[in-house]
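Structural overview for review
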Amino acid sequence: MKSLLAILSVVLVILAIWYVAAVPMNIAGSLTQAERGGMEVNPPGAAERRDISGWVLAANNPQAIPLTWAEKRPVLPAPHQVAVELWETTVLKKVTSKRSLVYHAWVTLSATLLGFAIGTGLGIVLAVGIVHSKVMDMSVMPWAIVSQTIPIIALAPMIIVVLYSIGVQGIIPKAVISAYLSFFPVVVGMVKGLRSPDRMQTDLMHTYNASKTSTFWKLRLPSSLPYLFASLKVGIAASLVGAIVGELPTGARAGLGARLLAGSYYGQTVQIWSALFAAAILASVLVGIVSMTERNVLRKMGLAR
Amino acid sequence: MILVAAALVIWALGWGLNLTLARDGVAETRAAQIGVPVIFGITLLLMWELIVRGLNVPGVILPPPSAVAAAFAKNGHILWQDFVQTILKGALSGYIIGCAAGFVAGIFAARSDFLRRGLLPVGNFAAALPIVGTAPILVMWFGFDWQSKAAVVTVMVFFPMLVNTVAGLAEPTAMQRDLMHTYAAGGWQSLRKLDLPAAMPFVFNGLKISTTLALIGAIVAEFFGSPTVGMGFRISTSVGQLALDMVWAEIVVAALAGSAFFGLVALVEKWVTFWHPSQRG
């Protein structure tokens, strides 16, 4: 309860800063429009105002301040403009419409989920191999760790174009990018998890004369789950970023990344912000689902902390 | 076909060599620890080269490593300019500003229980968001040059840094705080002598996460608009011209820069947090 109050007040402060910041950033544009509409503006003439800072303009023209929160193409849209745009493009538009954010979010989400599934599956398989084969551990693991420090997302444009030139397009190229972004965190986390049983536990399995397979299924796999879920949370967020970035280089027509790109081409700031918030909401929902699964699974298995 | 067969032979040889190196007794030596991954990497490169040549894969799909190396050597000047523009100007300045801001904000947030309760969930939430998406907005605000890239990087690294600093400053136990109290240490003294040193492992964790984020931010932001120099710009234009050897050369630069950056931070970490169990190994 106390935390909720604290969170709410932090959010309120952020919103307040946002509204205040929108005034100096948008005021020049608002004044130009207001002057055209016949409003008394100080100083008159857009050229006169060019070198005056936003704060001074706002102080000289307090009557124009409300206008800065209602512009059509503001430099910084006010929070309620973004909220209205989000509402209009999700609830009021038909889902099949090209202008519906739900449609675009689904395009991105489907690539994210497919890629995440592929990346996680391959990551788990490789981790099992690494844990059971010393030579694989020694040869692959250092590269998996190093690969976390390099911006592999730089490969994204090339993957899209190369796959396109050999005839693969649509959801697959984006899913490939999502897959390799979620792949390495899962490998590293899963290897750590499969190694987490301590000496005492493996010795116990040994005294039971357990085979390598049953040690894996009954001890290693269950105890790796907390580590796996931690990686999955990182992985799904990375997958979403991968799918969004994967939509940029080819100028894709659908998807949240395409909305961002189109918005930046045409100066539709409200559209950019609403796509950004849609991506943020999507990310938090995905991470939330993984966390909820984590809590339920770990509780059922008696691993909850 | 001969080349493909040669690739398979090389794979078998490399794997066999690694198998002998990974035996008990040998595997623990330092030479084997370094040798095995290096041999594995070289094997992969040789196979890549031989298979691409053997199957006549066109260069617009996958250039062989030798072509990438040639492009790297031939365009050294361009690659250096891109490196300066994207890494030194964009990523590094944003990294320094963002990490410093996150660190200072973290110190302030940790001093008040109310702020910590409020900021931590918001910070954690923000750290998981696709912040790269702010790139088009920031490019619009700060122009096409490196300033907008630095701004994207600043926003990207701020929250991981904030969250880690706050988590680190919560590290000292009540016992340790009481000890500082019995020494009659003031707020500033106990911050400097107890809280900050104790927070360092977490702070460096944030700094290390941020190195990768900084490069990602700087490169991806260039996809939304940049001057005619920079790694992201070069990658997207070279992809358009199907000059994939150049793209791979840029990726090599990105990989080298990323691991060097990370290694540098890890080195400083080793020097600063020498007392921590994970460093004493």
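Residues numbered from 1 in each chain as written. Chains lettered and ligands numbered in written order. Predicted model: local features only at pLDDT ≥ 70, side-chain atom pairs only at ≥ 80, totals over all residues. Heavy atoms only, no water.

The helix and strand inventory of chain A stands at 12 helices and zero strands. Radius of gyration (C-alpha) of chain A: 26 Å, far over the 19 Å computed for a compact globule of 305 residues. With respect to the principal axes defined by its C-alpha atoms, chain A has extents near 90 × 55 × 40 Å. Within chain A, buried positions represent 48% of all 305 residues. Restricting the contact set of chain A to residue pairs at least 6 apart, pairs at least 24 apart contribute 73%. (Helix = DSSP H or I, 4+ residues; strand = E, 2+ residues; numbered from the N terminus. Rg over C-alpha atoms; globule rule 2.2 N^0.38 Å. Buried < 20%, exposed > 50% of the residue type's maximum accessible area, 1.4 Å probe, protein only. Contact = heavy atoms within 4.5 Å.)

Right, let's talk about the interface of chain B and chain A for a bit. Interfaces are often sized by the amount of accessible area the parts lose when they come together. Of the residues lining the interface, 52 residues belong to chain B; the matching set on chain A comes to 53 residues. Sorting the residues of chain B by area buried against chain A places Arg117(B), Pro130(B) and Trp141(B) first, and these three jointly supply 14% of that buried surface. On inspection of chain B and its partner chain A, the count reaches zero salt bridges. One can count two residue pairs in polar contact (both at pLDDT 80 or more) joining chain B with chain A. Secondary-structure elements contributing two or more residues to the side of chain B that touches chain A are helix 1 (2-21), helix 2 (30-54), helix 5 (113-127), helix 6 (135-142), helix 9 (187-221), helix 10 (231-240) and helix 11 (244-272) of chain B. Of all the elements, helix 11 of chain B adds the most residues to the side of chain B that touches chain A, at nine residues. Here the side of chain B that touches chain A is built from residues that sort into 39 nonpolar, nine polar and four charged. (Buried area = accessible area lost by both parts, 1.4 Å probe. Salt bridge = Lys/Arg side-chain N within 4 Å of Asp/Glu carboxyl O. Polar contact = N/O pair within 3.5 Å; in protein donor to acceptor, adjacent residues only side chain to side chain. Nonpolar A, V, L, I, M, F, W, Y, C, P; charged D, E, K, R; others polar.)

What follows is about the pattern of salt bridges. All names here are of chain B. Throughout the structure, instances matching the rule amount to 10 salt bridges over all chains. The salt bridge involving aspartate 113 is made with arginine 117; its shortest N-O contact spans 3.1 Å. Remark: arginine 117 and aspartate 113 occur in helix 5; sequence separation between them is four residues, near one turn of the helix. Relative accessible area serves as the criterion here: at 35%, aspartate 113 is assigned to the partly exposed category. Exposure remark for arginine 117: the relative accessible area of 29% places this residue in the partly exposed category. Salt bridges sharing partners connect three or more residues here, namely Asp113, Arg116 and Arg117.

Residue and element names in this part refer to chain A. The domain architecture assigned to chain A consists of domain 1 (2-76) and domain 2 (101-300). Averaged C-alpha coordinates put domain 1 and domain 2 at centres separated by 41 Å. Across the contact, six residues belong to domain 1 and seven residues belong to domain 2. When the two sides are added together, the surface that domain 1 and domain 2 hide from each other amounts to roughly 470 Å², 56% of it contributed by carbon and sulfur. Contact with domain 2 buries surface across domain 1, with Trp18, Arg73 and Pro74 losing the most and accounting together for 71% of the total. On inspection of domain 1 and its partner domain 2, the count reaches zero salt bridges. Linking domain 1 to domain 2 there are one residue pair in polar contact (both at pLDDT 80 or more). (Domains from an automatic or database assignment.)

Moving on, we get to the domain arrangement of chain B. For chain B, the domain assignment lists domain 1 (2-57) and domain 2 (72-280). Relative to domain 2 of chain B, the C-alpha centre of domain 1 of chain B lies at a distance of 35 Å.

Residues and elements named next belong to chain B. The full count for this structure, using the stated rule, is 13 aromatic pairs over all chains. Ring geometry for tryptophan 11 against tryptophan 15: centres 5.6 Å apart, planes inclined by 15°, an arrangement best described as stacked. Here the residue tryptophan 11 and the residue tryptophan 15 both occupy positions in helix 1, the gap between them amounting to four residues, near one helical turn. Tryptophan 11 sits in the partly exposed class, given a relative accessible area of 31%. Classification of tryptophan 15 as partly exposed rests on a relative accessible area of 22%. (Phe/Tyr/Trp six-rings, centres within 6.5 Å; stacked < 30°, edge-to-face > 60°.)

This part is about the confidence of the model for chain B. In low-pLDDT regions, the fine details of the predicted coordinates are not to be read closely. Mean pLDDT over chain B: 87, with 99% of residues reaching 70 or higher. Two numbers describe this predicted complex: its pTM, 0.84, and its ipTM, 0.80. (pLDDT = per-residue confidence, 0-100.)

A few words now on unusual backbone geometry. Notably, Asn209(A) is not glycine yet its phi reads approximately 60°, a positive angle. Considering the arrangement of structural elements, one finds Asn209(A) in the loop between helix 9 (199-207) and helix 10 (212-246). A relative accessible area of 67% means that Asn209(A) is categorised as exposed. Of note in this structure, Ala184(B) is not a glycine but carries a positive phi near 60°.

Turning our attention to the environment of Ala101(B). For Ala101(B), the location among the structural elements is in helix 4 (residues 76-111). Taking relative accessible area as the criterion, Ala101(B) reaches 30% and is therefore assigned partly exposed.

Residue and element names in this part refer to chain B. With respect to the helices and strands, the residue threonine 86 is situated in helix 4. Assessed through its relative accessible area of 1%, threonine 86 is described here as buried. Beyond its immediate stretch of four places on either side in the chain, threonine 86 contacts Ala91, Ala218, Ile219, Glu222, Gly230, Met231 and Gly232.

Take helix 11 (residues 256-266) of chain A next. Of all 11 residues in helix 11 of chain A, eight are buried, a share of seventy percent or more. Inspection of helix 11 of chain A places Leu256(A), Gly257(A), Ala258(A), Arg259(A), Leu260(A), Leu261(A), Gly263(A) and Ser264(A) among the buried residues, and these make up the whole buried set. Residues of helix 11 of chain A that are buried make contact with helix 4 (79-92), helix 5 (101-132), helix 10 and helix 12 (269-300) of chain A together with helix 6 of chain B. Two residues or fewer after helix 11 of chain A comes Gly267(A), characterised by a positive phi angle close to 65°.

A few words on the confidence of the model for chain A. Looking at chain A, pLDDT values average 84 and 98% of them are 70 or higher. Looking at the elements of chain A, mean pLDDT is at its lowest for helix 2 (residues 46-49) of chain A, recorded as 72, and at its highest for helix 5 of chain A, recorded as 91.

The next thing to look at is the packing of helix 4 of chain B against helix 11 of chain B. Residue and element names in this part refer to chain B. At a minimum axis distance of 11 Å, the contact between helix 4 and helix 11 shows a crossing angle of 40°. On the basis of their axis angle, the class for helix 4 and helix 11 is oblique. Between helix 4 and helix 11 the crossing geometry is right-handed. The segment helix 4 lies against helix 11, with Ile78, Leu79, Asp82, Phe83, Ile87, Leu92 and Tyr95 engaging Met246, Ala249, Glu250, Val253, Ala257, Phe261 and Val265. (Axes fitted to C-alpha atoms, helices over the stretch in contact; angles between N-to-C directions. Parallel < 35°, antiparallel > 145°, perpendicular 65-115°, else oblique. Left-handed = near helix turned anticlockwise from the far one by under 90°.)

Another aspect to go through is a nonpolar patch on the surface. All names here are of chain A. Taken together, the side chains of Leu114, Ile118, Leu122, Ile171, Ile172 and Val176 present a nonpolar region at the surface, about 440 Å² in accessible area. Residue assignment for the nonpolar patch shows that the elements contributing at least two residues are helix 5 and helix 8 (171-194). Mapped onto the fold, valine 176 is located in helix 8. Taking the relative accessible area as the measure of exposure, valine 176 reaches 31% and is therefore partly exposed. (Patch = residues over 30% accessible without salt bridge, like charges linked within 9 Å, V, L, I, M, F, W, Y side chains within 5 Å. Areas by Shrake-Rupley, 256 points an atom, 1.4 Å probe, with all protein chains shown as cover.)

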